[in-house]
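Structural overview
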Amino acid sequence: MSLAIRPAMNADGASVLDIWRKCDLTRPWNDPHKDFDRALDCESAVVLLGERGPLPVSTAMTGSDGHRGWIYYLGVLPEFRGHGFGRETLDACCDWLRQRGCPKVELMVRDGNPAAGLYERLGWDLQPVRTYARRLDEKEL
Ligand SMILES: CC(C)(COP(=O)(O)OP(=O)(O)OC[C@H]1O[C@@H](n2cnc3c(N)ncnc32)[C@H](O)[C@@H]1OP(=O)(O)O)[C@@H](O)C(=O)NCCC(=O)NCCS
């Protein structure tokens, strides 16, 4: 089995968000519709959609600052897992970044997410870093 992977378009929003939800990738503090729209509006980002025939099966979002690419929202629908689609979707993100001259890619995995096993299986290196974040869309406390 293999996937056809292509950039998502506006009309794919419902399919992509359905995969994000079924893969437990959404969080109450992020609006997934806005995340999808922002990525489609951004020249240095893309949402990829993997399909088996007419069926949406996987997604990932990727983007680059030129030097470093990031991957977010990688998900394969539960009923399609274990067939290499996660790997294919991840590879498609890396190809998208490589084609834009980006030499490095990183991603974040929440503590406790068993998906970390995928990256270890595929030879990704665990980095000795901490990630700090703050919201920019709220008033300063
Ligand atoms: C993580 C996820 C994308 C993997 O998708 P998948 O299609 O099942 O993965 P693949 O079949 O391509 O797996 C590729 C290889 O990684 C291994 N692998 C996949 N998930 C694994 C896991 N959780 N732990 C250990 N190994 C794993 C597979 O066994 C396979 O190894 P093989 O080449 O020896 O057969 C999928 O489980 C998912 O959508 N999870 C929920 C969303 C999520 O957490 N996404 C990641 C956010 S950081």
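For the structure, see preceding data.
For every chain, the first residue of its written sequence is number 1, and the numbers climb from 1 along that sequence. In keeping with the model being predicted, local features are shown solely for residues with a pLDDT of at least 70 and side-chain atom pairs are shown and tallied solely at 80 or more, while totals for entire chains, interfaces and linings include all residues. Calculation of side-chain values draws on the structure's entire complement of heavy atoms; hydrogens and water are dropped beforehand.

It is worth spelling out the sheet that holds strand β4 (residues 68-76) at this point. For two strands to be treated as a pair, DSSP must find at least two bridges joining them. The secondary structure listing takes helices from DSSP runs of H or I that are at least 4 residues long and strands from runs of E that are at least 2 residues long, numbered from the N terminus. Here we have five strands laid out as an open sheet, ordered β1-β2-β3-β4-β5, and mixed in their pairing. Strands with a single pairing partner mark the edges of an open sheet, and in this sheet they are β1 (4-7) and β5 (104-107). This sheet shows a mean twist of 30 degrees between the axes of neighbouring strands, independent of strand direction. Bridging between strand β3 (residues 55-64) and β4 involves six bridges; their strand directions are antiparallel. Note on β4: the bridge partner recorded for Thr-62 is Ile-71. Docked against the sheet, helix α1 (residues 13-22) engages β2 (45-52), β3 and β4, running at close to 90 degrees with respect to β3. Pairs of residues are marked as contacts when any of their non-hydrogen atoms sit within 4.5 Å. Where helices are involved, their axes are fitted lines through C-alpha atoms of the stretch in contact, as for all axes, and angles between N-to-C directions lie from 0 to 180°. This element, helix α2 (residues 32-41), spans β2, β3 and β4 of the sheet and lies at about 105 degrees to β2.

Where two aromatic rings form a pair, the distance of their centres and the angle of their planes describe that pair. In this scheme Phe, Tyr and Trp rings, the latter by its six-membered ring, pair at centre separations within 6.5 Å, and the angle between planes marks the pair as stacked below 30 degrees, edge-to-face above 60, and tilted otherwise. The full count for this structure, using the stated rule, is four aromatic pairs. Between Trp-20 and Tyr-73, the ring centres sit 3.6 Å apart and the planes meet at 10 degrees, which makes this aromatic pair stacked. Residue Trp-20 is found in helix α1, and its partner Tyr-73 is found in strand β4; the two are separated by 53 residues along the sequence. The two residues Trp-20 and Tyr-73 agree in class, both being buried. Each ring, one from Trp-70 and one from Tyr-72, has its centre 6.3 Å from the other, and the planes form 20 degrees; the classification is stacked. For Trp-70, a relative accessible area of 23% gives the class partly exposed. Note on Tyr-72: relative accessible area 35%, which makes it partly exposed. Members of the aromatic cluster, each reached through a chain of ring pairs, are Trp-20, Phe-36 and Tyr-73. Our definition puts a charge over a ring when NZ of Lys or CZ of Arg is within 6 Å of the ring centre and also within 35 degrees of the ring normal. The positively charged end of Arg-100 is found above the aromatic ring belonging to Trp-96, 3.7 Å away from the centroid. Only protein chains enter the area calculation, which uses a 1.4 Å probe; residues under 20% of their type maximum are buried, those over 50% are exposed, and those in between are partly exposed.

Here the focus is helix α3 (residues 85-98). The periodicity of an α-helix, 3.6 residues per turn, causes residues three or four places apart in sequence to face the same way. By this rule the span expected of a helix is its residue count minus one, scaled by 1.5 Å. Over its 14 residues, α3 extends 20 Å from the first C-alpha to the last, a length consistent with the 20 Å expected when each residue adds 1.5 Å. Looking only at α3, the buried set comprises Phe-85, Gly-86, Thr-89, Leu-90, Ala-92, Cys-93, Cys-94, Trp-96 and Leu-97. Summarising the contacts, the buried residues of α3 are in contact with β1, β2, β3, β4, β5 and α4 (116-121).

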